[in-house]
Amino acid sequence: MKACALRTFPEFPFILAVFQLAATWMACGQVTFSWQTIGDVGNPSMVTRPSDAVNVAVTVGSMDHEYAISKYEVSNAQYVAFLNAVASQGDPHGLYNPSAEIHELGGIVRFGTGPFTYASKQGREDYPVNFVGAFDAARFVNWLHNGQGQADTEDGVYDMLEEHLLRKAGARVFLPSENEWHKAAYYDPRSTSEGGPSNDDHYWLYPSQSESIPNKAVIDGAGNITNPQPNLANWGRSNPYGLCKVHTGGPGTETYYGVMHMGGNVVEWIEDRNSQDPSRYDIRGGDWEKGHWDQRNDFINSTSPSHESTYLGIRLAATLAYAGGGIDAAGNPIQPGPIVPDPIDPDPGNPDPGNPDPGNPDPGNPDPGNPDPGNPDPVDPVIPDPVAP
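All values derive from a computational prediction rather than experimental measurement.

What counts and how
- Think of each chain on its own: its residues are numbered from 1, step by step along the sequence as written.
- In keeping with the model being predicted, local features are shown solely for residues with a pLDDT of at least 70 and side-chain atom pairs are shown and tallied solely at 80 or more, while totals for entire chains, interfaces and linings include all residues.
- Excluded from the side-chain calculation are hydrogens and water; included are all heavy atoms of the structure.
- Starting at the N terminus, helices and strands are each numbered in turn, a helix being any DSSP run of H or I of at least four residues and a strand any DSSP run of E of at least two.
- Type-normalised accessible area, obtained with a 1.4 Å probe on protein chains alone, sets the label of each residue: buried when under 20%, exposed when over 50%, and partly exposed for intermediate values.
- All accessible areas in this document rest on Shrake-Rupley with a 1.4 Å probe, and a residue is counted as covered only by the protein chains that are shown.
- Counted charges follow a simple rule, with Lys and Arg positive, Asp and Glu negative, and His plus the chain ends left uncounted.
- Counted as salt bridges are all cases of a side-chain nitrogen of Lys or Arg within 4 Å of a carboxyl oxygen of Asp or Glu.
- Counted as a polar contact is a pair of N or O atoms within 3.5 Å, where, for protein atoms, one must be capable of donating a hydrogen and the other of accepting one, and residues adjacent in sequence contribute only when both atoms are in side chains.
- When DSSP finds at least two bridges between two strands, those strands are taken to pair.
- Here a residue-residue contact requires only that any non-hydrogen atoms of the pair lie within 4.5 Å.

Caption draft 1: Structural detail: the overall build of the protein chain. Within the protein chain, the secondary structure is distributed over six helices and 14 strands. Counting the 389 residues in the protein chain, one finds 58% classified as buried. Here the protein chain has roughly 15300 Å² of accessible surface; of this, 55% comes from carbon and sulfur atoms.

What follows is the structure in structure tokens.
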């Protein structure tokens, strides 16, 4: 195995040693994730609709096999490892967007004029990566599927020479499909009497296991949610800091399957093209600046695959064999792929349990079209938020 020397930044002598160590570990070690198993095979589907297509019905959510989904959104530190592995000698595919350094809500800096070294901004290692397009996310997935290190980014799960993303047979880790994402976010096998969604329909309206508008997260300057409580999400410009760390918030931000921040923080790429406009890819879950409508189970947003912004990020899905779960035909435990210890900041999500602020559920704002004045993201204006259904 190639020895890993400490990466230094001679052109930036003020960079802290801990910053160097973080970049070194991420460049030399395996990128790892925490996974949640999504079971309840053969679950019923539900009908939802694409953005601005109120008369179009789309059936989603039913799955005929178990799979895994990442408990947390992909972090800056995880994406930094990818960049240092595949884009240090050059970045012909534009995997790094300089806005990630320029914008105050970006989290990654690049050093040098070639070769390059990448690192998370100090203190933003555990924030969700942003300023990534759909094809950046697909290449990240190919790299993971192919074993990381110097692995290929151009084929594996998705053939990047193809016009559109098409998941290949045998894929081990991938961007979620509409069905995979939707089930992990909203489905609950419990009946109403057992604590599940109303009317025994098995799908919550919001990913935070709720039929009502989520409470707004209060976030401190270090990216921690300080008002953990049930039915919680980072949305609607509820704080001056924008994004929160991927591990913060506690159970109130989780789906039935224990997946965090599927509502709010960053909206997440889906591998499926939009049913009404195949030039666009679906994005799900809402984000830190939009209204609550984007989080609902009856709404599917979409955008150009080249769109990159403060509010667009990545979540992964995987086979159980990759994630490490279940047993094989011989009854032996399935061994995981290169995964598991995740965090630079495990943060259980409750730094301030005494905070009396209930999170400002803001019931008086139905978000009628989100005029979004004062959008702080000059790099790419926000995706228009549709009129409430």
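Caption draft 2: Fine view of helix α2 (residues 76-86). Within α2, 10 of the 11 residues are buried, which leaves it mostly tucked inside the rest of the structure. Those residues of α2 that sit buried are Asn76, Ala77, Gln78, Tyr79, Val80, Ala81, Phe82, Leu83, Asn84 and Ala85.

Caption draft 3: Structural context of unusual backbone geometry. At the junction of Gly114 and Pro115, the peptide bond is cis and its omega measures out at 0° in the coordinates. Turning to its location among the elements, Pro115 is positioned in the loop between β5 (108-111) and β6 (117-120).

Caption draft 4: Region of the structure containing the side chain of Glu73. Relative to the assigned elements, Glu73 resides in the loop between β4 (67-70) and α2. Buried within the structure, Glu73 lacks any salt-bridge partner; Arg315 is the closest side chain of opposite charge, at an N-O distance of 4.1 Å. In terms of polar contacts, Glu73 uses its side chain to reach the side chain of Asn265, at 3.0 Å.

Caption draft 5: Structural view of the pairing of strand β11 (residues 281-284). Where burial is concerned, the two faces of β11 agree: the one with Tyr281 and Ile283 and the one with Asp282 and Arg284 are both buried. Of the pairings in the sheet, the one linking strand β10 (residues 267-273) to β11 comprises three bridges and is antiparallel in character. The residue of β11 that forms the bridge with Glu268 is Arg284. Of the strand pairs in this sheet, β11 and strand β12 (residues 301-303) are connected by three bridges, and their pairing is antiparallel. Bridge assignment links Asp282 to a residue of β12, and that residue is Ser302.

Caption draft 6: Layout of the environment of Ala134. Mapped onto the secondary structure, Ala134 falls in helix α4 (residues 134-145). Under the relative-accessibility criterion, Ala134 is labelled buried at 1%. The sequence separation of Ala134 and Asp282 amounts to 148 residues, and the corresponding C-alpha distance is 9.6 Å. Each residue touching Ala134, except ones within four places of it in the same chain, is listed here: Leu165, Leu175, Trp269 and Pro305.

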